[in-house]
Amino acid sequence: MESECPTETKKGKSKTPKKAKESILKQKSPAEFFAENKNIAGFDNPGKCLYTTVRELVENALDSAEAISELPVIEITIEEIVKSKFNSMIGLVDRERVDEELYDDYETAKAREKRLAKEARAQEIQAKNAALGKKVKEHAVSKSSKGRGEASFYRDNGRGMPHDDIPNMFGRVLSGTKYGLKQTRGKFGLGAKMALIWSKMSTGLPIEISSSMRGQNYLSFCRLDIDIHRNIPHIHLHEKRDNKDKWHGAEIQVVIEGNWTTYRSKILHYMRQMAVITPYAQFLFKFVSDAPDKNVTIKFARRTDVMPPVPVETKHHPSSVDILLIKRLIAETSKQNLMQFLQHEFVNIGKPLAERLIGEMGPEFSPKTAVKSLTDQQIVRIHQLFRQAKFDDPSGDCLSPAGEYNLRLGIIKELHPDMVATYSGSAQVFEGHPFIVEAGVSVGGKDVKQGLNIFRFANRIPLLFEQGGDVVTRTALKRISWNNYKINQTQDKIGVFVSIVSTKIPFKGTGKEYIGDDISEIASAVKSAIQQCCIQLKSKIVKKMQAREQQERKRNLSKYIPDATNAVYDVLKEMAKSHASKKKRYEEGDADILRKVSDHLITKETLYEKLTQHVEKVDYEMALEYATQTGVREEPREDIYLESLDDKGNFFDFHSPIFVFRLFL
């Protein structure tokens, strides 16, 4: 019996199924990946791109200056570039529109009439609000502003960059000098490279870098962009120029698409917070536009010459390493045997502990085991023991917090609060990484809103976005009972400043926007630091309340002095009359007073003066009695920071009820 093949057609021809197209394995360079996923690095939209570019390059400048212990001087200029100017920069001739309706800013006559009517109403409301003294909101951004460029210019006095390294430092993603185990502002080698990638995507213009290192007699100039597909720099010009002024530092100019209007407040807020956490730096910020009324120039002056110590690179803590890291350390170590390797490559492993660890690993391990010959199984055993064994915590000596002196000074300088308290905790540990939490809480101040105003810093950089899920915000809102410290959470102007430094900040995402609330060690340290500040403030607030009550009591007593004077004097006059007419006789002392009243030696003015003196005396005695009862030991104690100065003897006057002073020796 013959069967018909299922692939045959009615005409007897077989239909061969089409071959599936073979998938081709492709690779993407790091630059290409981040160009396609730029939001990961904080480049979400033109406004955010402008903000992130400012942030990344300012932080690079601070790191550069602090690395050579140079007081930072940083200039930032953002220039608004209109379409016609941008076209002339790239050599493109402006062309008149032919089909107006093709463009997204085209509006019909009816739409234009509606828009003008809406703008007229808005202007009328603004005029009324201005007349009443209310705050006037800025006009919304019109669609016509879309697509403009911003030229960002940066200059700093840092250490500069080696001539031959400049192309790779700016034109190769995930290359950098900050990959060691060290407290740094940047970690990923992305910041300046992402600005260059965005420049290439949005304007097509290269970045320009001028740099010179200290003592160098030439200046390096480089104009480059990036080959995104190959992740290598594309150099337009790279040359050495004369450096007659012996200047050192870096100048960077990049032209990107941005939106100053929507991110103006964020950028200025960032600069203000940076001035708080780095009062030893001088910032000059400028926004330049064709419209003079839009120009902005702000100088954040230096208020101290005391810089935090330079962070030092440290070794890995045994409890923080994984198998891959152990293998890398073995490949890179110069030590020959296991004993030397454990002592040299990890912190808190001395010779006695290394011997105990090797003894616990098993019979196949010995102090003289060649470290390069360890098998994968043996490395896993080492890792397992590191995870289970007990080690001393890292000391935190490698960290460089801002310091209470700088934090307090920065808060006073920028907010001018009525009172402020600061606290710096000792080093603590999570996952083998040391961290330090510093906090400041202020009450009152200039340009401070009612309620909680939270300022967050990580490795001395401000965090402005995604505040809701941050450990500092959640702690301040949910875990601090402000009323217990005589602080009204809704009515008082409260500034909460928390700075966290660590060799590994557990950011959520490469955008470095916030620190998660899921690490109990950090959450507990943040809460404790804020509470310590509140305890200091409570004693000041209570003292202030008592002084206010004393003033009120004195005011109330003083208010009745005239009435009491009149009443007493009238009684004395009546008594003097009866004494003179011998209707009633008084003791000699009383009689003497009454004679003085009759002779006008005691007048209303005399009584008024005596009563006033009595009120003053009683008020003083009550205050003295309170101080005696409470005791000196309960007086609030404040740390005084004494910093050495150079031979110049520079100093600053602080016109504030709260002050920081130095002792000159």
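Residues numbered from 1 in each chain as written. Predicted model: local features only at pLDDT ≥ 70, side-chain atom pairs only at ≥ 80, totals over all residues. Heavy atoms only, no water.

- The name an unreviewed UniProt entry gives the protein chain is DNA topoisomerase 6 subunit B, with Gossypium hirsutum as the organism.
- Heading Catalytic activity (unreviewed entry) of the UniProt record for the protein chain holds this comment: "ATP-dependent breakage, passage and rejoining of double-stranded DNA." (UniProt positions renumbered as here; feature names shortened; annotations may be inferred.)

## Let's talk about the overall build of the protein chain
Move 1: From N to C terminus, the protein chain includes 17 helices and 14 strands.
Move 2: Looking at the protein chain as a whole, 42% of its 665 residues qualify as buried.
Move 3: Counting only contacts in the protein chain whose residues sit at least 6 apart along the sequence, the fraction spanning at least 24 positions is 74%.
Move 4: As displayed, the protein chain offers around 38500 Å² of accessible surface, 51% of which is attributable to carbon and sulfur atoms. (Helix = DSSP H or I, 4+ residues; strand = E, 2+ residues; numbered from the N terminus. Buried < 20%, exposed > 50% of the residue type's maximum accessible area, 1.4 Å probe, protein only. Contact = heavy atoms within 4.5 Å. Areas by Shrake-Rupley, 256 points an atom, 1.4 Å probe, with all protein chains shown as cover.)

## A closer look at the nonpolar core
Considering soluble globular proteins, one finds that nonpolar side chains tend to be buried as a cluster.
Move 1: By size, the foremost hydrophobic cluster in this structure holds 63 residues, and its most contacted members are Phe170, Trp260, Ile267, Phe283 and Phe285.
Move 2: Residue contributions to this core peak at 10 residues, all from helix 7 (residues 260-277).
Move 3: Within the second largest apolar cluster, 38 residues are counted, among which are Ala439, Ile454, Ala476 and Ala523. (Core = buried A, V, L, I, M, F, W, Y, C linked by side-chain atoms within 4.5 Å.)

## Structural notes on the packing of aromatic side chains
Move 1: Under the definition given, this model contains 11 aromatic pairs.
Move 2: Measuring from ring centre to ring centre gives 4.3 Å for Trp260 and Phe287, while their planes differ by 10°; the resulting arrangement is stacked. Linking Trp260 in helix 7 with Phe287 in strand 7 (residues 282-288), this pair joins segments that are 27 residues apart in sequence. The same class applies to Trp260 as to Phe287, namely buried. (Phe/Tyr/Trp six-rings, centres within 6.5 Å; stacked < 30°, edge-to-face > 60°.)

## A look at the environment of Asn243
Move 1: Relative to the assigned elements, Asn243 resides in the loop between strand 5 (232-242) and strand 6 (249-257).
Move 2: Asn243 gets classed as buried once you look at its relative accessible area, which sits at 5%.
Move 3: Separated by 32 residues in the primary sequence, Asn243 and Ser211 place their C-alpha atoms 9.9 Å from one another.
Move 4: The residues touching Asn243, leaving out its near neighbours within four places in the chain, are Ser212, Gln216, Asn217, Tyr218 and Leu219.
Move 5: Side-chain polar atoms of Asn243 contact the side chain of Ser212, separated by 2.9 Å.
Move 6: One polar contact links the side chain of Asn243 to the main-chain carbonyl oxygen of Gln216, over a distance of 3.2 Å. (Polar contact = N/O pair within 3.5 Å; in protein donor to acceptor, adjacent residues only side chain to side chain.)

## What to know about the pattern of salt bridges
Move 1: Within the structure shown, the criterion is met by 23 salt bridges.
Move 2: The partner of Lys294 in a salt bridge is Glu80, with the nearest N and O atoms 3.4 Å apart. Of the two residues, Lys294 is situated in the loop between strand 7 and strand 8 (296-300) and Glu80 in strand 1 (residues 73-81); the sequence distance between them amounts to 214 residues.
Move 3: We note a salt bridge from Glu431 to Lys504, for which the minimum N-O separation is 3.9 Å. In this pair, Glu431 sits in the loop between strand 10 (428-430) and strand 11 (433-443) while Lys504 sits in the loop between strand 14 (493-502) and helix 14 (520-559), placing the two residues 73 residues apart along the sequence.
Move 4: For Lys504, a relative accessible area of 37% puts it in the partly exposed group.
Move 5: Look at the salt bridges and you will find they share partners, linking Asp44, Lys48, Arg55, Glu59 and Glu513 into a network. (Salt bridge = Lys/Arg side-chain N within 4 Å of Asp/Glu carboxyl O.)

## Looking at the environment of Arg230
Move 1: Assignment of secondary structure puts Arg230 in the loop between strand 4 (218-227) and strand 5.
Move 2: Residue classification places Arg230 among the exposed residues on the basis of a relative accessible area of 57%.
Move 3: For the pair Arg230 and Glu32, spaced 198 residues apart in the sequence, the C-alpha separation amounts to 8.1 Å.
Move 4: Reaching out from Arg230, the side chain makes a polar contact with the side chain of Asp227 at a distance of 3.0 Å.

## Focus: the side chain of His163
Move 1: With respect to the element layout, His163 can be found in the loop between strand 2 (149-156) and helix 5 (166-171).
Move 2: By relative accessible area, His163 is classed as buried at 11%.
Move 3: Among residues more than four places away in sequence, those in contact with His163 are Tyr218, Ser220, His238, Glu239 and Lys240.

## Re the packing of helix 8 (residues 323-332) against helix 11 (residues 376-388)
Move 1: Close contact between helix 8 and helix 11 brings their axes to 10 Å; oriented N to C, the two are set at 115°. Both helix 8 and helix 11 take part in a crossing whose hand is right-handed. The segment helix 8 lies against helix 11, with Ile323, Ile326, Lys327 and Ile330 engaging Asp376, Ile379, Val380, Ile382, His383 and Phe386.
Move 2: When the residues that make up the contact of helix 8 with helix 11 are grouped by side-chain class, the tally is seven nonpolar, one polar and two charged. (Axes fitted to C-alpha atoms, helices over the stretch in contact; angles between N-to-C directions. Left-handed = near helix turned anticlockwise from the far one by under 90°. Nonpolar A, V, L, I, M, F, W, Y, C, P; charged D, E, K, R; others polar.)

## A short note on unusual backbone geometry
Move 1: Look at Asn348: it is not a glycine, yet its phi comes out positive at around 65°.
Move 2: Of note, Asn348 is situated in the loop between helix 9 (338-345) and helix 10 (351-361).
Move 3: Asn348 gets classed as partly exposed once you look at its relative accessible area, which sits at 31%.
Move 4: Of note in this structure, Arg460 is not a glycine but carries a positive phi near 65°.
Move 5: Mapping Arg460 onto the fold places it in the loop between strand 12 (451-458) and strand 13 (461-463).

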